[in-house]
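Take a look at the letters that make up each chain.
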Amino acid sequence: NAGVTQTPKFQVLKTGQSMTLQCAQDMNHNSMYWYRQDPGMGLRLIYYSASEGTTDKGEVPNGYNVSRLNKREFSLRLESAAPSQTSVYFCASTPAGQANTEAFFGQGTRLTVV
Amino acid sequence: GENVEQHPSTLSVQEGDSAVIKCTYSDSASNYFPWYKQELGKRPQLIIDIRSNVGEKKDQRIAVTLNKTAKHFSLHITETQPEDSAVYFCAAKGFFAGNMLTFGGGTRLMVKP
């Protein structure tokens with residue numbers, strides 16, 4: 001049982017390049033989330049998916065797109081990376097059918113845009 | 001939407017002292033309040049949570065209190081140890097599945113031996 005797995009762990013991009021961050025969970029969770037964490041700041045929600053087939057914008061969605069590929073996988077895409085998107089990205093998931101329970105986080109992806 | 005504010009942003013205590021971190025939230029419909037600990041370079045991990053039907057919860061050296069009328073909740077760590085040094089985040093969440101967790105800005109706790 002791996003929990004929430006993110007790939008890659010580290011990435012350096014040039015301004016304007018695109019990339020996709022992958023996230024998969026093996027806990028049969030319904031809801032999945034993408035957060036970004038900037039230095040000295042808290043976690044800000046980018047997008048979330050309440051269930052398979054649905055996605056919604058969070059607090060800071062501009063410059064990102066997401067895909068809920070199936071129940072297990074939720075990817076985050078940067079179409080044209082900008083230095084302002086340099087951050088640590090965390091994927092998280094919460095259990096099916098229970099609104100108020102623990103969120104499990106992946107190990108994070110440290111992205112640098114130069 | 002929900003807004004969560006957390007204070008202080010940094011906290012330094014001597015080993016053995018107590019530490020208190022406070023959060024306020026704006027949405028009266030929020031009814032789940034977890035606390036996460038994040039060690040340097042690692043993922044946030046849940047340390048304790050409280051639901052709106054209780055006012056206090058304790059787990060060994062950590063406790064959380066909730067005042068729904070005032071819309072604030074606090075984390076209390078007693079007998080602090082160096083391994084308690086980390087960033088702590090509070091969060092608030094509404095009732096419905098998919099209602100996202102809204103996090104506070106974090107508190108960097110430093111426990112000096």
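See above for the structure.
Rules and cut-offs
- Counting restarts for each chain, with residues numbered from 1 along the sequence as it is written.
- For naming, the first written chain is A and the first written ligand is 1, with later ones following in the order written.
- Reporting of local features is limited, given that this is a predicted model, to residues whose pLDDT is at least 70; pairs of side-chain atoms are given and counted only at 80 or more, and all residues count toward the totals for whole chains, interfaces and linings.
- Note that water and hydrogens are dropped before the side-chain values are worked out from all heavy atoms of the structure.
- Residues enter a nonpolar core if they are buried and are Ala, Val, Leu, Ile, Met, Phe, Trp, Tyr or Cys, with the set joined through side-chain atoms within 4.5 Å.
- We call a residue buried when its accessible area falls under 20% of the maximum for its residue type, exposed when it is over 50%, and partly exposed in between, using a 1.4 Å probe and counting protein chains only.
- Here, strands pair whenever DSSP counts at least two bridges between them.
- The numbering of helices and of strands both runs from the N terminus, where a helix is a DSSP run of H or I of at least 4 residues and a strand a run of E of at least 2.
- Only the stretch in contact is used when a helix axis is fitted, and all axes are lines through C-alpha atoms; the angle between N-to-C directions ranges over 0 to 180 degrees.
- Whenever a carboxyl oxygen of Asp or Glu lies within 4 Å of a side-chain nitrogen of Lys or Arg, that contact is scored as a salt bridge.
- Lys and Arg are tallied as positive, Asp and Glu as negative. Neither His nor the chain termini are counted.
- Polar contacts, as counted here, are pairs of nitrogen or oxygen atoms within 3.5 Å of one another; within protein the pair requires one atom able to donate a hydrogen and one able to accept it, and residues that are adjacent in sequence qualify only if both atoms are side-chain atoms.
- Whether two residues are in contact is decided by their heavy atoms, any of which lying within 4.5 Å being enough.

Quick look at the nonpolar core
Core analysis: the largest hydrophobic core is formed by 23 residues, its most contacted members being B:Trp35, B:Phe73 and B:Leu109. Judged by nonpolar contacts, the second largest core, of 20 residues, contains A:Val4, A:Met32, A:Ile46 and A:Tyr89.

Looking at the sheet that holds strand 8 (residues 74-78) of chain A
All names here are of chain A. Pairing is antiparallel in the open sheet, where four strands are placed in the order 1-3-8-7. In the strand order of this sheet, the two ends are held by strand 1 (4-7) and strand 7 (64-68), each with one partner. Ignoring strand direction, the axes of neighbouring strands in this sheet form an average angle of 15°. Where strand 1 meets strand 3 (residues 19-25), four bridges bridge the pair, whose relative direction is antiparallel. When the bridges of strand 3 are listed, Thr7 appears paired with Gln22.

Considering the pattern of salt bridges
Residue and element names in this part refer to chain B. Applying the stated criterion to the full structure yields seven salt bridges over all chains. Note that Lys37 is salt-bridged to Glu39, the shortest N-O span being 3.6 Å. On the basis of relative accessible area, Lys37 is assigned to the buried category, the value being 17%. For Glu39, a relative accessible area of 33% corresponds to the partly exposed category. Across the pair Asp84 and Arg61 runs a salt bridge, and its minimum N-O distance is 2.9 Å.

Some remarks on the side chain of B:Glu2
All names here are of chain B. Here Glu2 lies in the segment before strand 1 (4-7). With no salt bridge to any partner, buried Glu2 finds its closest opposite charge in Lys71, at an N-O distance of 7.5 Å. Side-chain polar atoms of Glu2 contact the backbone nitrogen of Asp27, separated by 3.0 Å. Looking at Glu2, its side chain comes within polar contact range of the side chain of Ser30, at 2.4 Å. Among all residues touching Glu2, those that are not within four sequence positions of it are Tyr25, Ser26, Asp27, Ser30, Ala92 and Thr102.

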